[in-house]
Amino acid sequence: MMNFALTEEQEAVRKMVRTFVDREINPHIQEWDAKGHFETSILKRLAELDLMGVCIPEKYGGSGMDYNTLAIVCEELERGDTAFRTAVSVHTGLNSMTILQWGDEFQKEKYLVPQARGQKVAAFGLTEPNAGSDVAAMQTTARREGSEYILNGSKTWISLCDVADNFLIFAKTDKEKGHHGISCFIVERTFPGVTTKAIKGKLGIRAGNTGEVFLEDVRVPAENRLGEEGEGFKIAMSALDNGRFTVGAGACGLINASLEASLKYCHERKTFGKEIGKHQLVQQMIAKMTANLEISRLLVYRAGWLKNQGKRNTRETSLAKWYACDAAFEAANDAVQIHGAYGYSNEYPVERFLRNAKAPVIYEGTREIHTIMQGEYALGYRVDKPLRKMLPAWPFEE
Ligand SMILES: Cc1cc2nc3c(=O)[nH]c(=O)nc-3n(C[C@H](O)[C@H](O)[C@H](O)COP(=O)(O)OP(=O)(O)OC[C@H]3O[C@@H](n4cnc5c(N)ncnc54)[C@H](O)[C@@H]3O)c2cc1C
């Protein structure tokens, strides 16, 4: 049996986040974006609203809601701005859910609990100056010395770099082994040798914080290694299954925001004696946004449904992320088109939507990487094998 209805709890969460965004983000976002200002108080408010650990079990400090509730939160946050959805994507999707999946009880107690409660902020450090899509090209190293690892290297384009307390850092423990030589570590900002620096001059997500993380002889206790030595690549890819899910969900919010702004403007603006919404070529853009919002949501919810059952969902999540992000970019582009020259200025929000829509087509797997993945799945060249540790099914066990 299929059920397309959201639960009462999911509807209530959607309403709560929408109200929060309309009251506390939308009135200020143009200013924060123009100034390149990341408003950290929003993270505190998200913690107060129990939104920093939506799908983390209650016993680990989270709200214990299902994975699709996380999707709804991400959609509604990105309806406000991509910066705050990105924050939840890295904090919860890429970091906390990865500790939930791969961490031992010590790591869950020490790191997951405060993160899920929003007392600590978490980030994800995979990308390096010379290693983006090609993860195995990373140069950061982790050398074992007694009960510690010594980390050296640098990460770049790391969201929340300046505000995170904890980072998941991927580093090579064996340079000869390619993918199999990567390991994953929980690194605290306070560990000596960790420094960060924001990147300025970004096209979009200007109200967000993105930058570099430098690691200079950072001593990390061996108990902070997530999973086994050499398991880092698998851990990174499973983290992306969760991060991509939140990115795809957020893209639905950006489509919705583009649609809402366009519908309003279609009724306001007149050309040739009628509302521009009466012109069929404008209707075509509106119709495409409407269809893509529905299609993207369905793809995202299906991926969430698989997560709820504890099933592998790499293929479905990749498809949802790829489709929704391309659709969001198209929707934002069309929203600017519908607004004509006014859409080209920051008097209206749509130019911000267009600038923000670009990064999700690049991060968490570029459009090209997802295209290749889907081609390979269809052709049978790529098959997902069961992982040693899966994300727990929902409802969570007490
Ligand atoms: C705003 C923002 C926030 C980010 N946040 C984070 C974060 O929190 N943590 C993190 O680790 N990273 C983060 N990233 C980095 C992001 O994940 C990488 O930018 C992404 O993985 C792509 O890597 P790259 O930029 O090095 O591009 P490259 O891998 O160098 O790719 C360049 C171009 O070549 C194409 N290409 C590459 N390989 C192939 C191939 N095999 N076939 C066809 N085409 C190919 C790509 O699609 C792309 O068009 C962020 C990036 C941005 C923009």
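Colleague: Sorry if this is basic, but what is going on with the packing of helix α1 (residues 8–25) against helix α4 (residues 67–80) here?
Modeller: Interaxial distance between α1 and α4 falls to 9 Å at its minimum, and their mutual angle equals 20°. Classified by the angle their axes make, α1 and α4 are roughly parallel. Crossing handedness for the pair α1 and α4: right-handed. The segment α1 lies against α4, with Gln10, Val13, Arg14, Val17, Arg18, Phe20, Val21, Asp22 and Ile25 engaging Asn68, Thr69, Ile72, Val73, Glu75, Glu76, Leu77, Arg79 and Gly80.

Colleague: Can you help me understand the side chain of Ser258 in this one?
Modeller: Here Ser258 lies in helix α7 (residues 232–268). The class of Ser258 is buried, set by a relative accessible area of 0%. Among the polar contacts listed, one links the side chain of Ser258 to the backbone oxygen of Leu254, at a separation of 2.8 Å. Contact partners of Ser258, with chain neighbours within four places excluded, come to Met289, Ala331, Ala332, Ala335 and Phe353.

Colleague: How do you make sense of the nonpolar core when you look at a structure like this?
Modeller: Membership of the largest hydrophobic core comes to 118 residues, with the highest contact counts inside it found for Leu46, Leu77, Leu151, Phe170, Val187 and Ile338. Looking at this core, the element that brings in the most residues is α7, giving 16 residues. Apart from residues no more than four positions distant in its own chain, Leu151 is found in contact with Thr141, Ala142, Ile169, Ala171, Phe185, Val187, Leu215, Glu216, Asp217, Val218 and Val220.

Colleague: Please explain the site of the ligand as it appears in this structure.
Modeller: In the neighbourhood of the ligand, 17 residues make up the surrounding shell, with Thr127, Ser133, Trp157, Thr366 and Glu368 lying closest. Take Phe124: an N or O atom from its main chain is 2.8 Å from a nitrogen atom of the ligand. The contact in question runs from an oxygen atom of the ligand to an N or O atom on the backbone of Leu126, over 2.9 Å. In isolation the ligand exposes 980 Å². Once the protein is present, 64% of that is buried. Elements with a minimum of two residues in the shell around the ligand: β3 (148–159), α10 (350–362) and α11 (367–379). With 3 residues, β3 is the largest single contributor of residues to the shell around the ligand.

Colleague: So what exactly am I meant to see when it comes to the pairing of strand β2 (residues 141–145) here?
Modeller: Every regular strand shows the same layout, with side chains that alternate between the two sheet faces. Relative to β3, β2 runs antiparallel, the two sharing 5 bridges. By the bridge assignment, Thr141 is partnered in β3 with Asn152.

Colleague: How do you make sense of the packing of aromatic side chains when you look at a structure like this?
Modeller: The geometry of two aromatic rings is summed up by the distance between their centres and the angle between their planes. Tallied over the entire structure, the rule returns 7 aromatic pairs. Plain terms: the ring middles of Phe38 and Phe84 are 6.0 Å apart, the flat faces sit at 25° to each other, and that makes the pair stacked. Here the residue Phe38 occupies a position in the loop between α2 (29–35) and α3 (41–48), and Phe84 occupies one in helix α5 (residues 82–102), the gap between them amounting to 46 residues. Using a relative accessible area of 0% as the deciding quantity, one classes Phe84 as buried. Here the aromatic residues Trp32, Phe38 and Phe84 are joined through ring pairs into a cluster of three or more. One Lys or Arg, Lys358, reaches over the ring of Phe329 and ends 5.0 Å from the middle of that ring. Here the basic side chain of Arg382 rests over the ring of Tyr377, its NZ or CZ set 5.6 Å away from the ring centre.

Colleague: Sorry, what's going on with the pattern of salt bridges here?
Modeller: Opposite charge on two side chains permits them to pair, given that their charged atoms come into close proximity. Applying the stated criterion to the full structure yields 28 salt bridges. The residue Arg143 makes a salt bridge to Glu145 at a minimum N-O spacing of 2.8 Å. On the accessibility criterion, Glu145 (36% relative accessible area) is partly exposed. Taking the shortest distance from any N to any O, the salt bridge between Glu231 and Arg388 comes out at 2.6 Å. Highlighted residues: Glu231 in the loop between β8 (225–226) and α7 and Arg388 in the segment after α11, separated in sequence by 157 residues. Residue classification places Arg388 among the partly exposed positions, given a relative accessible area of 48%. Each of Arg14, Arg18, Asp22, Glu75, Glu76, Arg79, Glu260 and Arg297 takes part in one network of salt bridges that share partners.

Colleague: Is there a simple way to think about the packing of α7 against helix α9 (residues 314–339) in this case?
Modeller: Axis angle and axis distance: for two packed helices, these are the angle between their axes and the distance between the axes, and together they describe the pair. At their nearest, the axes of α7 and α9 sit 8 Å apart, and the two run at 25° to each other. Taken together, the axes of α7 and α9 lie roughly parallel to each other. Relative to α9, α7 is oriented so that their crossing is left-handed. Within the contact of α7 with α9, the residues separate by chemical class into 17 nonpolar, 6 polar and 3 charged.

Colleague: Is there a simple way to think about the state of the cysteines in this case?
Modeller: Here is the idea: a disulfide is a covalent bond, and it sits between the sulfur atoms of two cysteines. In the structure shown here, the tally under the stated rule is 0 disulfides. With no disulfide of its own, Cys252 lies closest to Cys325 among cysteine sulfurs, the gap being 8.9 Å. Judged by its relative accessible area of 2%, Cys325 falls in the buried class.

Each value, and the rule that gives it
Residues numbered from 1 in each chain as written. Predicted model: local features only at pLDDT ≥ 70, side-chain atom pairs only at ≥ 80, totals over all residues. Heavy atoms only, no water. Axes fitted to C-alpha atoms, helices over the stretch in contact; angles between N-to-C directions. Helix = DSSP H or I, 4+ residues; strand = E, 2+ residues; numbered from the N terminus. Parallel < 35°, antiparallel > 145°, perpendicular 65-115°, else oblique. Left-handed = near helix turned anticlockwise from the far one by under 90°. Contact = heavy atoms within 4.5 Å. Buried < 20%, exposed > 50% of the residue type's maximum accessible area, 1.4 Å probe, protein only. Polar contact = N/O pair within 3.5 Å; in protein donor to acceptor, adjacent residues only side chain to side chain. Core = buried A, V, L, I, M, F, W, Y, C linked by side-chain atoms within 4.5 Å. Near = heavy atom within 4 Å. Areas by Shrake-Rupley, 256 points an atom, 1.4 Å probe, with all protein chains shown as cover. Pairing = 2+ DSSP bridges. Phe/Tyr/Trp six-rings, centres within 6.5 Å; stacked < 30°, edge-to-face > 60°. Lys NZ or Arg CZ within 6 Å of the ring centre and 35° of its normal. Salt bridge = Lys/Arg side-chain N within 4 Å of Asp/Glu carboxyl O. Nonpolar A, V, L, I, M, F, W, Y, C, P; charged D, E, K, R; others polar. Disulfide = S-S within 2.5 Å.

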